[in-house]
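Listed here are the chains, written in short residue letters.
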Amino acid sequence: MALSKASFLTHLKILTKPHLHHPPPPPPFLSLRRLSFATPEEAAAERRRRKRRLRIEPPLSSLRRQQAQPQARQNPSQDVNPNAPKIPEPVSALSGNRLNLHNRILGLIRVNDLDEAALLTRHSIYSNCRPTIFTVNCVLAAQLRQSRYSDLLSLHRFVTQAGVAANVVTHNLLINAYLDCRKTDTALEHYKQLINDAPFNPSPTTYRILIKGLVDNGKVERAMELKEEMLGKGFEADPVVYSYLMLGHVKDSNADAVFELYEELKENLGDVDDGIVVGSLMKGYFMRGMEKEAMECYAGAVAEGSKIRMGAVSFNSVLDALSKNGKFDEAMSLFDRMLAEHNPPRRLSVNLGSYNVMVDGFCGEGRFKDAIEVFRKMGETRCRPDTLSYNNLIEQLCNNGMLADAEELYGEMANKGVNPDEFTYVLLMDTCFKESRTEDAAGYFRKMVEIGLRPNLKVYNRLVDGLVKVGKIDEAKSFYDLMVKKLKMDEASYKFMMSTLFEVGKHDEVLKMIGDMLDDDPSEFTTDLQEFVKEELRKEGREEDVVKLMEDKEREKAEARAKEAAAAEAAKASARAAVSSLLPSKLFGSKGAENESDVVSEKTVETISVNGEVKDVEKESIGDSPAEFGSEEATKDNNSADIDVKGDDSAEQVTV
């Protein structure tokens, strides 16, 4: 058959074109991906082919998920137990908006606005940006540094109830707060709770805090037992822990125990190259009268090229050992060397404790002006004084008749961003009383109350006693009226104020005090107080006044109870009348049915009254709820009473 010229050329072109040998298809679960294609058509064809394969064969990742799901169902024990302790968040949770919130709260802490920092932390708990436990710990640590223990415990209780899982740092801060408040039993109970319930183990810092707190509170034997427990749990012998224990035995004048602990530390670690124990060891030598050995120990620790590592805390212990054992000149030269070597952040040889030790040393030598000068140079080494540092120096000045200098330091606290505490005001108040400055003493107490601090009953008694001694009875009574609602007065406080008023002939004021006591809490007016008041009133022939007052108060309470009962009965009667008006008499076919309607209406009234009381209770509970959770509208009472009324011929159901 003959071909046309055009057909022949086309056939020839097909024969001469090279054939593309396609590789065989890949195995089902192996996906080969070409990096490039010759033409867009080939790329589109490859995409279509992949889509078809995905419809038939799911990807490997999907298969893995499907295989993992049955295994999870087969192990129901892996489900989360709601009663199990919560695992604290990792550091990686501190990112994004939560990191921004963390930095914002840190900024408030740096400017010493702890109230706003704590308030922002509370508000953020129930926001869409929940703070991490690391943010909470920063606020708790700042409150601990300023001895704001009540605020610390309140914030900790709040975040715990909100479900923020605590980590070991949170437990350490709480234990430290309890120990600072001298609640060693509570701190040890919290430590046991950490051991038994927490999903993590205590850290070496936990044992450092516990042992130091026990030593400071005079419980050295319990601290020794805790050290053995620490070693039994596999922790390495810690020179810091041993230094605290050695210092505790120094306070107990037990030099032998100091050297026994040092030898034990050497057995556990070999060569002790941490200078934290040098100060306690020197004090042990001084206690034995071995001054030469103590100075040799000091020289070996601070010599050039010494293998003993000396930091700021180690230097402070040596400074304290020198200044308290007649070597204050050596302490001053060592302090000058520490200032010369101090080069933060590379070398930190001076801290706040260094200045506190030197202030105590200068005051011990009677050089109070030098102590104030050293204290004010603290900022040159980037150290900031805290409330405890100010209280330490103010106490030294007040005890040595330098009230003017103490008040000058008190005035500087606000400029330094340091808030005075109760101890600061009590020191100034007591010193003002000693120097017959009664008005200033009362002013310090009033200032303490105005800024929200909480003086205890002992401080109040000292204030009232000081005012009474100088004849300012009216001012003492005004402070009584101010504090009687804030303090739990004891019988001695009541009796002191009453006897003072009796002495100046203000019997009516005493009767008014008794009336307020009977209104608030009649149990406070004890039998002894009654006998005391009757005895004093008997001298003026007014013994029956207190009896009449007590009878009047009882009658007033009885009348109040009767009025409440009458009001409740009136409310029931009005409700009964309203219900009766809603039940027409034609619904009932007989007199018995009418009586039955009366009974039903009474039951309905009781139900309505009960519902009203429940509603009132709900309103009260809503009104007492904290401000953080906001206010909610009271829900409407949709309860209804279904009353079945049967007539002679038919039965009908009436709903009220």
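Coordinates for the structure precede this section.
Undergrad: Can you walk me through the overall build of the protein chain in this structure?
TA: Helix and strand counts for the protein chain come out as 30 helices and 2 strands. Taking all 656 residues of the protein chain together, 39% fall into the buried category. Looking at the protein chain as shown, the accessible area adds up to about 39100 Å², and 51% of this sits on carbon and sulfur atoms.

Undergrad: I keep staring at the packing of helix α28 (residues 527-538) against helix α29 (residues 543-581) and nothing clicks. Help me out?
TA: Between α28 and α29, whose axes approach to 6 Å, the crossing angle comes to 135°. The angle between α28 and α29 places the two elements in the oblique class. Here Q530, V533, K534, L537 and R538 of α28 come into contact with α29, specifically with E543, V546, V547 and M550. Looking at side-chain class alone, the contact of α28 with α29 contains 5 nonpolar, 1 polar and 3 charged residues.

Undergrad: It is not clear to me how the packing of helix α6 (residues 133-145) against helix α7 (residues 149-161) should be interpreted in this structure. Could you clarify?
TA: In helix packing, the relevant descriptors are the interaxial angle and the interaxial distance, both defined with respect to the helix axes. Where α6 meets α7, the closest approach of the two axes is 8 Å, and the angle between their N-to-C directions is 160°. Relative to α7, the element α6 is oriented roughly antiparallel. Judged by the twist between their axes, the crossing of α6 over α7 is left-handed. Residues V136, V139, L140, Q143 and L144 of α6 form the contact with α7, whose own contacting residues are Y149, D151, L152, L155, H156 and V159.

Undergrad: Looking at this structure, I do not really get the environment of V374. What am I missing?
TA: Mapped onto the elements of the fold, V374 is located in helix α19 (residues 368-376). By relative accessible area, which is 13% here, V374 ends up buried. C-alpha of V374 to C-alpha of Y355: the two residues are 19 residues apart in sequence and 7.1 Å apart in space. Contacts of V374, omitting those with residues within four sequence positions, involve Y355, M358 and F362.

Undergrad: Mind showing me how you'd approach helix α13 (residues 255-269) here?
TA: Every α-helical turn comprises 3.6 residues, leaving residues that sit three or four positions apart pointing alike. If you check α13, its first and last C-alpha atoms are 22 Å apart, about what 15 residues at 1.5 Å a residue would give, namely 21 Å. Among all positions in α13, only A255, A257, V258, F259, L261, Y262 and L265 are buried. On the buried face of α13, the contacting elements are α11 (220-232), α12 (239-251) and α14 (278-287). G270 occupies a position one or two residues after α13 and carries a positive phi of about 85°.

Undergrad: Can you walk me through the environment of S478 in this structure?
TA: Here S478 is to be found in helix α25 (residues 473-483). Taking the relative accessible area as the measure of exposure, S478 reaches 36% and is therefore partly exposed. Put simply, S478 and V464 are 14 residues apart on the chain and 9.8 Å apart in space, counted from C-alpha to C-alpha.

Cut-off values and rules
- Residues numbered from 1 in each chain as written.
- Predicted model: local features only at pLDDT ≥ 70, side-chain atom pairs only at ≥ 80, totals over all residues.
- Heavy atoms only, no water.
- Helix = DSSP H or I, 4+ residues; strand = E, 2+ residues; numbered from the N terminus.
- Buried < 20%, exposed > 50% of the residue type's maximum accessible area, 1.4 Å probe, protein only.
- Areas by Shrake-Rupley, 256 points an atom, 1.4 Å probe, with all protein chains shown as cover.
- Axes fitted to C-alpha atoms, helices over the stretch in contact; angles between N-to-C directions.
- Parallel < 35°, antiparallel > 145°, perpendicular 65-115°, else oblique.
- Contact = heavy atoms within 4.5 Å.
- Nonpolar A, V, L, I, M, F, W, Y, C, P; charged D, E, K, R; others polar.
- Left-handed = near helix turned anticlockwise from the far one by under 90°.
- Expected span 1.5 Å × (residues − 1).

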